[in-house]
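If you want the building blocks of each chain, they are given just below.
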Amino acid sequence: MTDDRRDELAANLDAVRRRIAVSCDDAGRDAGEVSLVVVTKFFPASDVRLLADLGVTDVGENRHQEAEAKAAECVDLGLRWHFIGGLQSNKAAAVAAYADVVESLDRAKLVGPLSRGAHARGHDVDVLLQVSLDPPGADHRSGADPADLDELARSVEEAGMLRLRGLMAVAPLDDDPLEAFARLAAIHAELLTGHPEATVLSAGMSGDLEAAIRHGATHVRVGSAVLGPRPTNQ
Ligand SMILES: *Cc1c(COP(=O)(O)O)cnc(C)c1O
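Just so it is clear, the model here is predicted, and its values are computed rather than measured.

The rules we used
- Sequence order sets the numbering: in each chain, residues are counted from 1 along the sequence as written.
- In view of the model being predicted, local features appear only for residues whose pLDDT reaches at least 70, and side-chain atom pairs are presented and counted only at 80 or more, with totals across whole chains, interfaces and linings using the full set of residues.
- The side-chain values count all of the structure's non-hydrogen atoms but skip hydrogen atoms and water molecules.
- We define the nonpolar core as a collection of buried residues of types Ala, Val, Leu, Ile, Met, Phe, Trp, Tyr and Cys that are connected through side-chain atoms lying within 4.5 Å of one another.
- For each residue, the accessible area found with a 1.4 Å probe, counting protein chains only, is set against the maximum for its type, and the residue is called buried under 20%, exposed over 50%, and partly exposed in between.
- Throughout, a residue-residue contact means that at least one pair of heavy atoms, one from each residue, lies within 4.5 Å.
- Helix numbers and strand numbers start at the N terminus; a helix is a DSSP run of H or I with at least 4 residues, a strand a run of E with at least 2.
- For this purpose, a residue is taken to be near a molecule or strand whenever a single non-hydrogen atom of the residue falls within 4 Å of it.
- The definition of a polar contact used here is a pair of N or O atoms within 3.5 Å, where within protein one atom must be able to donate a hydrogen and the other to accept one, and adjacent residues in sequence count solely through side-chain atom pairs.
- Accessibility throughout is a Shrake-Rupley quantity obtained with a 1.4 Å probe, and a residue counts as covered only by protein chains that appear here.
- In the cavity and pocket records, a cavity denotes points on a 1 Å grid over the protein atoms alone where a 1.4 Å probe fits but cannot get out, a pocket denotes an open set with protein on both sides within 12 Å along at least 5 of 7 lines, and lining residues are residues with an atom within 4 Å of a point.
- A cavity or pocket is said to hold a molecule if more than half of that molecule's atoms lie within 2 Å of its grid points.
- In this classification, Asp, Glu, Lys and Arg are treated as charged, Ala, Val, Leu, Ile, Met, Phe, Trp, Tyr, Cys and Pro as nonpolar, and every other residue, Gly included, as polar.
- UniProt positions are given in the numbering used here, feature names are shortened, and annotations may be inferred rather than shown by experiment.
- In what follows, salt bridge is the name for a side-chain nitrogen of Lys or Arg lying within 4 Å of a carboxyl oxygen of Asp or Glu.

### Section: the nonpolar core
- Counting 67 residues, the largest nonpolar core has Ile20, Leu105, Leu129, Leu162, Leu167, Leu184 and Val226 as its most contacted members.
- Beyond its immediate stretch of four places on either side in the chain, Ile20 contacts Val34, Leu36, Leu209, Ile213 and Val220.
- Listed in part, the six residues of the second largest apolar core include Ile84, Val101, Leu128 and Met168.

### Focus on unusual backbone geometry
- You will see that Phe42, though not glycine, has its phi angle at about 75 degrees, which is positive.
- Along the chain, the position of Phe42 falls in the loop between strand E1 (35-39) and helix H2 (45-53).
- By relative accessible area, Phe42 is classed as partly exposed at 22%.
- The backbone of Met161 shows a phi angle near 65 degrees, a positive value even though the residue is not glycine.
- Among the secondary structure elements, Met161 is positioned in the loop between helix H6 (149-158) and strand E6 (162-168).
- Judged by its relative accessible area of 23%, Met161 is partly exposed.

### Focus on the site of the ligand
- Close to the ligand lie Val39, Lys41, Ile84, Val170, Met205, Ser206, Arg221, Val222, Gly223, Ser224 and Arg230.
- Taking Arg221, its side chain carries an N or O atom lying 2.9 Å from a nitrogen atom of the ligand.
- Contacts to the ligand include Arg230, whose side-chain N or O atom sits 2.8 Å from an oxygen atom.
- In the complex, the protein chains occlude 86% of the 390 Å² of accessible area that the ligand would expose alone.
- When atoms are counted within 2 Å of each cavity's grid points, the one that captures over half of the ligand is the largest pocket.
- In terms of residue class, the shell around the ligand is built from five nonpolar, three polar and three charged.

### Regarding the UniProt feature "modified residue: N6-(pyridoxal phosphate)lysine" (unreviewed entry) in the protein chain
- In the numbering used here, UniProt assigns the "modified residue: N6-(pyridoxal phosphate)lysine" (unreviewed entry) feature to Lys41.
- With respect to the element layout, Lys41 can be found in the loop between E1 and H2.
- Take Lys41: its relative accessible area is 12%, and that puts it in the buried class.

### Quick word on the environment of Val34
- Among the secondary structure elements, Val34 is positioned in the loop between helix H1 (2-26) and E1.
- Residues Val34 and Val220, 186 residues apart in the sequence, show an inter-C-alpha distance of 7.2 Å.

### Quick notes on the pattern of salt bridges
- One pass over the structure, following the stated rule, counts 16 salt bridges.
- A salt bridge links Asp53 to Arg6; the nearest nitrogen and oxygen atoms lie 2.6 Å apart. With a gap of 47 residues between them, Asp53 in helix H2 and Arg6 in helix H1 connect regions that are remote in the sequence.
- Relative accessible area serves as the criterion here: at 29%, Arg6 is assigned to the partly exposed category.
- The salt bridge partner of Glu61 is Lys70, with a shortest N-O separation of 2.8 Å.
- Accessibility expressed as a relative area gives 6% for Lys70, which makes it buried.
- The structure contains a network of salt bridges with shared partners spanning Asp58, Arg80, Asp126, Arg163 and Arg165.

Here you go:
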């Protein structure tokens, strides 16, 4: 059973790594410029263990309780845990206790609790600002308005034990990902003029990683293409 699962994960990982290599090649980029974060939400710690054994170094989770439990179970593996889900301000300090990278900081209210959590842990936490690529006024936006990024970046820079590293975004469902990621590249370039340390661009998932790499993604977050379909609806 475990051997079958290991073979399945190994084959899927190979396929995703090939897609990343081909996309980099097509975009005239070095394959070493793009890091893979495997999104393990809904899958058990046993899969995380197999992935670590297959050379995965970075994993992503989007729900605090699930992430906290899995990170504790896998603490011996030395993985980098990325928190990529919606953050509540009353949970932010707890997330900073295990997350090495928080990719979904989208409002100033989260900065204080994240910084306090990082202090309590005695460990710097890397932060990406999540920016919305939805048209203004759209329902269910997650992510900051592009116009608010500069101020948000400043508040992260001024907080203790948080390191501003870059931007994260998800392409809107009903949009052409190439167009969405082209907008993201422009937003990233603008952010970099005031915050040159914000070099990370986390964009692209199982369905659109090629488009993201074309437009400068440095990190892709891939779940189902590696682990298979998720057991429950998102
Ligand atoms: C679930 C999730 C992913 C991975 O999605 P797949 O389509 O399964 O690759 C990436 N980013 C975020 C923010 C997610 O919530």
